[in-house]
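Topology and contacts: notes
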Amino acid sequence: LVGGAAAATHLAVAVSLVALAGMEPLAANVFAFLVAFSVSYNGHALLTFASARAKGPTVMARYFAVASLSFAANELLYFVALHALDWHYAWSLVGVLVVLATGTFLLSKSWAFKNSSGPRT
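All values derive from a computational prediction rather than experimental measurement.

The rules behind the values
- Residues numbered from 1 in each chain as written.
- Predicted model: local features only at pLDDT ≥ 70, side-chain atom pairs only at ≥ 80, totals over all residues.
- Heavy atoms only, no water.
- Helix = DSSP H or I, 4+ residues; strand = E, 2+ residues; numbered from the N terminus.
- Buried < 20%, exposed > 50% of the residue type's maximum accessible area, 1.4 Å probe, protein only.
- Contact = heavy atoms within 4.5 Å.
- Patch = residues over 30% accessible without salt bridge, like charges linked within 9 Å, V, L, I, M, F, W, Y side chains within 5 Å.
- Areas by Shrake-Rupley, 256 points an atom, 1.4 Å probe, with all protein chains shown as cover.
- Salt bridge = Lys/Arg side-chain N within 4 Å of Asp/Glu carboxyl O.
- Phe/Tyr/Trp six-rings, centres within 6.5 Å; stacked < 30°, edge-to-face > 60°.
- Lys NZ or Arg CZ within 6 Å of the ring centre and 35° of its normal.
- Axes fitted to C-alpha atoms, helices over the stretch in contact; angles between N-to-C directions.
- Parallel < 35°, antiparallel > 145°, perpendicular 65-115°, else oblique.
- Left-handed = near helix turned anticlockwise from the far one by under 90°.
- Nonpolar A, V, L, I, M, F, W, Y, C, P; charged D, E, K, R; others polar.

Re the overall build of the protein
- Along its length, the protein carries 4 helices and 0 strands.
- Across the protein, helices and strands are ordered from the amino to the carboxyl terminus as α-α-α-α.
- With respect to the principal axes defined by its C-alpha atoms, the protein has extents near 55 × 25 × 20 Å.
- By residue count, 35% of the 121 residues in the protein fall in the buried class.
- When contacts within the protein are restricted to residue pairs at least 6 apart in sequence, long-range pairs at least 24 apart make up 67% of them.

As for a nonpolar patch on the surface
- Together, Leu76, Phe79, Val80, Leu85 and Trp87 give the surface a local cluster of nonpolar side chains, amounting to about 500 Å² of exposed area.
- Take Leu76: it is sitting in helix α3 (residues 57-84).
- Leu76 gets classed as exposed once you look at its relative accessible area, which sits at 55%.

Examining the side chain of Ser40
- Mapping Ser40 onto the fold places it in helix α2 (residues 25-48).
- Relative accessible area serves as the criterion here: at 8%, Ser40 is assigned to the buried category.

So, unusual backbone geometry
- The backbone of Asp86 shows a phi angle near 60 degrees, a positive value even though the residue is not glycine.
- For Asp86, the position within the fold is in the loop between α3 and α4 (89-112).
- Residue classification places Asp86 among the exposed positions, given a relative accessible area of 64%.

Re the packing of aromatic side chains
- Counted by the stated rule, this structure contains 11 aromatic pairs.
- Centre to centre, the rings of Tyr41 and Phe113 are 5.9 Å apart; their planes meet at 25 degrees, and the pair counts as stacked. On the criterion of sequence distance, the pair formed by Tyr41 in helix α2 and Phe113 in the segment after α4 is long-range, its members being 72 residues apart.
- Since its relative accessible area comes to 1%, Phe113 is described here as buried.
- What links up through ring pairs into an aromatic cluster is the set Phe33, Phe37, Tyr41, Phe49, Tyr63, Phe64, Phe71, Phe105 and Phe113.
- Sitting over the face of the ring of Trp111, Arg62 holds its NZ or CZ atom 5.9 Å from the ring centroid.

Some points on the packing of helix α1 (residues 2-21) against α4
- The contact between α1 and α4 brings their axes to 10 Å, and the two run at 160 degrees. As the angle between them shows, α1 and α4 are arranged roughly antiparallel. Viewed along their axes, α1 and α4 form a crossing whose handedness is right-handed. Judged by residue contacts, Ala7, His10, Leu11, Ala14, Val15, Val18 and Ala19 of α1 engage Tyr89, Ala90, Leu93, Val94 and Leu97 from α4.
- When the residues that make up the contact of α1 with α4 are grouped by side-chain class, the tally is 11 nonpolar, 1 polar and no charged.

Here you go:
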């Protein structure tokens, strides 16, 4: 649910910037990522991974690293879809967001939101 809301936010911002502001799709994608990051981080911290009780600047920094890695792959795949495959900018972004969602979730769960303050054995 959180991933879907973040992806929808990302797509809506990118498409709006391209359609309404005339921005290039790859540039609009950067702004869309930054807006969607807020939705994604807060949703995951408050809902998806709330039981891990992993919050604060360290968790946000780890999640930003995960999201940035995912975004680097996003921008590369988006470039390929737009320029090598010549696909429509909106459908290209939908495909890229879907392809990268699972990896981002798994890294978020296993590292970014992993609570490291629990008991050690």
